[in-house]
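So the chains spell out like this:
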Amino acid sequence: MASTKFKSLKGMPDILPEDVWKWQYIESSVRNVFRQFNYTELRTPILESLDLFQRSIGQETDIVQKEMFQFQDRGQRNVVLRPEVTASVVRAYIEHQLAVDKLFYIGASFRAERPQAGRFRQFHQIGAEFIGAKGAEDDVAILALMQGLLMGLGLKDYVLEINSLGCKESRAGYRKKLKDYLQSYISNMSEDSQRRIETNVIRVLDSKDPRDQEIIKKAPSILESLLPKSKEHLEQVKEILEQRNIPYRINTKIVRGLDYYNDIVYEITHPALGAQNAIGAGGRYDSLVGELGGSKDCGACGFALGIERLIVALEGDGVWGQNQFQNALVYMCVFGDSPDIKKKALEIQSELRKDNFSVEEISFKEVKMKKHFQRADRLNARVVILQGEDEFKEGQVSIKDMKTGTQEKVQYDSIKKVLKGILT
Ligand code: HAM
């Protein structure tokens, strides 16, 4: 690789032309499914005020404590590159008193985490928020949307895992119970978990450190501390998931890294990913709208899928092999000096573009057939159209299918039909 003076920042990779078609495939597929489910797009700014995320995600979370890109702007305002989008959606919903309550977004978020496989500092999410969602039916409705998105993409091997965090009161009881249990093992635990026992004890359950694993396995389950209302809510969600044929597993260790959740939370994992195996996550967040200045009893739930991780998961399920979203490029080469030939070729080029074909600009500088074909190969052209003097006299072109290698002469008025036959 050439050594260059300027490089993209750590954990913030470029999305290169050879990969961008996968992003376009994902974006276009999910947009279509969002339309089917009547979700409307909302685009919020990348830069937001610091307190929006302190208030919503929670002061004691890793994101707020150490992962936000935060700074003072020229007007001495404390701002951050958004670490997630849910808080921004809720802010915009309240600020503009939106009438639409089913919203989706596609865009970048930023977290100053240690980069590793599947973990970036700039990453991209596809998310959906259902503001005003109440009751178990709405929790499952948004999970059905998530299933629709994943199935629409062709993903097969994913697992949906569900837990309930209950309400604030039951969580307080659970915190105490968990703390009592963990205290007796504290000296054998990782430094991170030792610290979390004091600051955010439930997050200890999320630890991947081998020193913590055995201890966590035997920890009391959060489900045992649920108050009757939350217990019933979880039971209803399970029942409706079964009615709607949405496969799931209960995983009592899902605790989430953001503080705004209550009751149902979930993660979607895929075996193609390594340690960072969550392709998406979400849950219910009933108090956030009230917390940010909106109506107090406005329920809500939502999820976000990570695009970088989806790309790896789709690779694991063999989707990229079958999918040819790449541009089906037509490459035209013209031989002969006659201005009439050039004029006709330009006419064909323009007609094909009008009919939505993707056509590389004709290069009249090149005269050697071999050079043209080398260029067509480099551009990954699917079809080459040749216009020479002989063909021109007969009102024809030659069309070469670059995949099969077959070539045929075609009358001008049949060019589009033959191209469509090859390209579809
Ligand atoms: P989250 O679990 O922080 O939740 O992120 C959701 C997904 O974004 C993760 O499952 C993962 O696929 C992707 N992701 C997160 N951080 C990174 C990273 N550093 N690099 C690559 N991918 C990453 C939220 O953000 C919530 N706002 C989800 C939500 C929406 N809850 C309710 N509504």
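Okay, so let's go over this structure. From a predicted model like this one, the values you see are computed outputs, not experimental measurements. (Residues numbered from 1 in each chain as written. Predicted model: local features only at pLDDT ≥ 70, side-chain atom pairs only at ≥ 80, totals over all residues. Heavy atoms only, no water.)

This part is about the overall build of the protein. In terms of regular secondary structure, the protein is built from 16 helices and 16 strands. Taking 22 Å as the expected radius of gyration for a compact globule of 424 residues, we find that the protein reaches 28 Å, considerably beyond that expectation. Its C-alpha atoms give the protein principal-axis dimensions of about 90 × 55 × 45 Å. Across the 424 residues of the protein, 50% fall into the buried class. (Helix = DSSP H or I, 4+ residues; strand = E, 2+ residues; numbered from the N terminus. Rg over C-alpha atoms; globule rule 2.2 N^0.38 Å. Buried < 20%, exposed > 50% of the residue type's maximum accessible area, 1.4 Å probe, protein only.)

Under the definition given, this model contains seven aromatic pairs. When the ring of Y181 is compared with that of Y185, the centres are 5.1 Å apart and the planes differ by 50 degrees; the resulting orientation is tilted. For Y185, a relative accessible area of 33% translates into the label partly exposed. Members of the aromatic cluster, joined through ring pairs, are W21, Y25 and W320. For K102, the ring lying beneath its charged end belongs to F130, and the centroid distance is 5.0 Å. Over the ring of Y412 we find K344, and its NZ or CZ is 4.4 Å from the ring centre. (Phe/Tyr/Trp six-rings, centres within 6.5 Å; stacked < 30°, edge-to-face > 60°. Lys NZ or Arg CZ within 6 Å of the ring centre and 35° of its normal.)

A few words now on helix α4 (residues 86-95). Burial analysis of α4 places seven of its ten residues in the buried class, which makes it a mostly covered element. Among all positions of α4, only T86, A87, S88, V89, V90, A92 and Y93 are buried. Residues of α4 that are buried make contact with β2 (47-49), α2 (50-57), β5 (102-110), β6 (122-131) and α10 (288-291). Positive phi appears at Q97, one or two residues downstream of α4, with a value of about 45 degrees. (Contact = heavy atoms within 4.5 Å.)

Let us look at helix α8 (residues 210-217). Of all the residues in α8, the buried ones are D212, I215 and I216. Mapping the buried residues of α8 onto a view down its axis gives an arc of 100 degrees, with all of them on the same face. Every exposed residue of α8 that faces more than 90 degrees away from the buried side is listed here: P210 and K217. Of the residues that open α8, the one with a side-chain oxygen 2.9 Å from the backbone nitrogen of R211 is D209. (Arc of directions from axis to C-beta. Polar contact = N/O pair within 3.5 Å; in protein donor to acceptor, adjacent residues only side chain to side chain.)

Attention now goes to the sheet that holds strand β14 (residues 383-387). The five strands are arranged β13-β12-β14-β15-β16 in an open sheet whose pairing can be described as mixed. This sheet does not close on itself; its edge strands, each paired only once, are β13 (358-359) and β16 (407-411). Alignment of β14 against strand β15 (residues 396-401), held across four bridges, turns out to be antiparallel. Its bridge partner being in β15, V383 is matched across the sheet by D401. The strands touched by helix α13 (residues 339-354) are β12 (329-334), β13, β14 and β15; relative to β12, the strand with the most contacts, the crossing angle is about 170 degrees. (Pairing = 2+ DSSP bridges. Axes fitted to C-alpha atoms, helices over the stretch in contact; angles between N-to-C directions.)

Another point: unusual backbone geometry. Residues other than glycine seldom take positive phi values, yet D263 does so here, at roughly 50 degrees. Examined against the element boundaries, D263 turns out to sit in strand β9 (residues 262-269). With a phi angle near 80 degrees, N356 is a residue other than glycine that sits in the positive phi range. Tracing the backbone shows N356 in the loop between α13 and β13.

Let us look at the side chain of Q396. Inspection of the secondary structure puts Q396 in strand β15. On the basis of relative accessibility, which here comes to 11%, the residue Q396 falls in the buried class. What Q396 contacts, discounting residues up to four positions off in sequence, is Q387, E391, K409, V410, Q411 and Y412.

A word on the site of the ligand. In the neighbourhood of the ligand, 26 residues make up the surrounding shell, with E84, T86, E113, E129 and Y261 lying closest. The separation between a nitrogen atom of the ligand and a polar side-chain atom of E113 is 2.7 Å. One nitrogen or oxygen atom from the main chain of G306 is found 3.3 Å from an oxygen atom belonging to the ligand. Coverage of the ligand by the protein chains reaches 96% of its 650 Å² of free accessible surface. Looking at the shell around the ligand element by element, the count peaks at five residues for strand β10 (residues 278-284). Among the residues making up the shell around the ligand, the classes are represented as twelve nonpolar, seven polar and seven charged. (Near = heavy atom within 4 Å. Areas by Shrake-Rupley, 256 points an atom, 1.4 Å probe, with all protein chains shown as cover. Nonpolar A, V, L, I, M, F, W, Y, C, P; charged D, E, K, R; others polar.)

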